[in-house]
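Chains, contacts and geometry: an overview
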Amino acid sequence: MGTSIERVHHLSMMLSRETSFPSSIHRAKGLRSLLINSSGDPWLGGQWLRAALPDVMKQLTCIRSLNLSRSLTKEIPKEVGKLIHLRHLNLEWCRELVSLPETMCDLCNLQSLDVTRCWSLKELPQAIGKLIKLRHLRIDSSGVAFMPKGIERLTCLRTLDCFMVCGGGENESKAANLRELKNLDHIGGRLVIENLRGGGIEDDAEAQLITNKKRLLCLELNFCDNHEDGNLIEVLQPPSDMERLRIGRYAGIVLPNWMMALTRLQELKLFDCGNLEVLPPLGRLPNLERLELGGVGGLYELEEWDGIERRVGEEDATRTSIFIMPQLQHLEIKTCPLLRALLDYVLAASLQELRLFDCGNLEVLPPLGRLPNLERLELGGWG
């Protein structure tokens, strides 16, 4: 016995060249979730969606979840504002999507918005600050070039995967600055800050833009090319429980003072930091499991890194031994032309993977026989 369309609450549709958009869907007044899959024929599916979506949104106002991911629709119709019960909107991989209507900001119950990999989408709606119930905002790998003013009002956010700093120009007047991050203290998981540069915030030593985000476990700081500002990176101090940190394209000569306070750090990646003159004593990070260095200036010998003193025997309290990154499992060094030596005591016995690329000045490999757990060794452009 078939189910009447009027009684359907959850519907998944696949559009193809052999089928047309079903007009009967307008009778599904009680529909709560709708997934439209046009991957069978993306171009044709996109055509049908553009024609059908306005009426769908006018008629099916009870929808709580709408998934249009991977469709080729170029815009979301203004009628989306009629879906006042909508909680989840998934537009991931809509690579031809160029705009979102301002009426989307009338969705007072919206909790999640995903525009990941919407490459053609250049900006979010200007009134996004009205979405005060929004908990998850995902924009990573999209074309979004800046965060709109008012994003600081989204204090319920639990996920903000990327914060784009405006690079100036015509968007500057409508773009949020870094200070709007300060009140978003419930953000957890991973946060990427792109296009970092000055703008006054670097002079505010008490800014604490990220320090109070206790749920944050992974932070990526990617600077505008050749931007040198040691003060700016100092005010971006993460919480002490941070587990993963990546810094890219930083042009300063020293790393921030707060780095050595991250005693629970498990992963550190430094890329294209060509002006660095000295590295901090990374050997003092007792939980570091993964270290990747690429294009880091001033890197000569790892023997200069300080270790951690540990008692060797209970009977002899005065006997100590030096351990360098005792938990290290993965070490990768790329494009460090000044690196001369990798001394064996730098490499923990727990090391499982060693990758060295374009270290043309490296003369001697460490004694690999002392690494019983090594599973993978990669060399490129060595010696």
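None of these values were measured; they are calculated from a predicted model. (Residues numbered from 1 in each chain as written. Predicted model: local features only at pLDDT ≥ 70, side-chain atom pairs only at ≥ 80, totals over all residues. Heavy atoms only, no water.)

All right, on to unusual backbone geometry then. Positive phi outside glycine occurs at S141, with the angle close to 65 degrees. Among the secondary structure elements, S141 is positioned in the loop between β6 (136-138) and β7 (159-160). In this structure, D272 takes a positive phi of about 55 degrees despite not being glycine. Relative to the helices and strands, D272 resides in the loop between β12 (267-271) and β13 (290-294). (Helix = DSSP H or I, 4+ residues; strand = E, 2+ residues; numbered from the N terminus.)

Tallying each qualifying case throughout the model produces 18 salt bridges. Ionic pairing is found between D241 and R264, a salt bridge with its closest N-O pair at 3.6 Å. Here R264 lies in the loop between β11 (244-250) and β12 and D241 lies in the loop between α2 (230-234) and β11, a separation of 23 residues in the sequence. Among the residues examined, D241 registers a relative accessible area of 34% and is labelled partly exposed. Through salt bridges that share partners, E332, K334, E353, R355, R376 and E378 make up one connected network. (Salt bridge = Lys/Arg side-chain N within 4 Å of Asp/Glu carboxyl O. Buried < 20%, exposed > 50% of the residue type's maximum accessible area, 1.4 Å probe, protein only.)

Relative to strand β2 (residues 33-37), strand β1 (residues 10-14) runs parallel, the two being bridged by five bridges. Paired with L11 across the strands is L34, a residue of β2. Relative to strand β3 (residues 65-67), β2 runs parallel, the two sharing three bridges. Bridge assignment links L35 to a residue of β3, and that residue is N67. (Pairing = 2+ DSSP bridges.)

Pairing is parallel in the open sheet, where seven strands are placed in the order β1-β2-β3-β4-β5-β6-β7. Taken across any chain shown, the strands that pair with only one partner, and hence form the sheet edges, are β1 and β7. Summarising the sheet, strand β4 (residues 88-90) and strand β5 (residues 112-114) pair through three bridges and their orientation is parallel. Of the residues in β5, the one forming a bridge with H88 is S112.

Formed by 104 residues in total, the largest nonpolar core has its most connected members in L91, L137, M147, L160, F163, I193 and I247. Per element, the largest residue contribution to this core is five residues, and it comes from helix α1 (residues 42-59). Setting aside its immediate chain neighbours within four residues, L160 contacts L137, M147, L181, L184, I187, R190 and L191. (Core = buried A, V, L, I, M, F, W, Y, C linked by side-chain atoms within 4.5 Å. Contact = heavy atoms within 4.5 Å.)

Along the polypeptide, N177 turns up in the loop between β8 (162-164) and β9 (189-196). For N177, a relative accessible area of 42% corresponds to the partly exposed category. Considering only alpha carbons, one finds N177 and I151, 26 residues apart in sequence, at a separation of 9.7 Å. Within polar-contact distance, the side chain of N177 engages the backbone nitrogen of R179 at 2.9 Å. (Polar contact = N/O pair within 3.5 Å; in protein donor to acceptor, adjacent residues only side chain to side chain.)

Quick look at the packing of aromatic side chains now. Tallied over the entire structure, the rule returns two aromatic pairs. Plain terms: the ring middles of W93 and W119 are 5.2 Å apart, the flat faces sit at 75 degrees to each other, and that makes the pair edge-to-face. On the criterion of sequence distance, the pair formed by W93 in the loop between β4 and β5 and W119 in the loop between β5 and β6 is long-range, its members being 26 residues apart. Its relative accessible area of 21% is what places W93 among the partly exposed residues. Note on F223 and Y250: the rings are 5.0 Å apart at their centroids and 50 degrees apart in plane angle, and the pair reads as tilted. Taken together, the residues F223 in strand β10 (residues 216-227) and Y250 in strand β11 connect sequence positions 27 residues apart. Overall, F223 belongs to the buried group, its relative accessible area being 0%. (Phe/Tyr/Trp six-rings, centres within 6.5 Å; stacked < 30°, edge-to-face > 60°.)

Mapped onto the fold, D161 is located in the loop between β7 and β8. Comment: no salt bridge for buried D161; closest opposite-charge side chain is R138, at 5.6 Å. Reaching out from D161, the side chain makes a polar contact with the backbone nitrogen of I139 at a distance of 2.9 Å. A polar contact of 3.2 Å, which involves the side chain of D161, links it to the backbone nitrogen of D140. Residues contacting D161, with those up to four places away along its chain left out, are T116, L137, R138, I139, D140, R190, L191 and V192. (Lys, Arg positive; Asp, Glu negative; His and termini not counted.)

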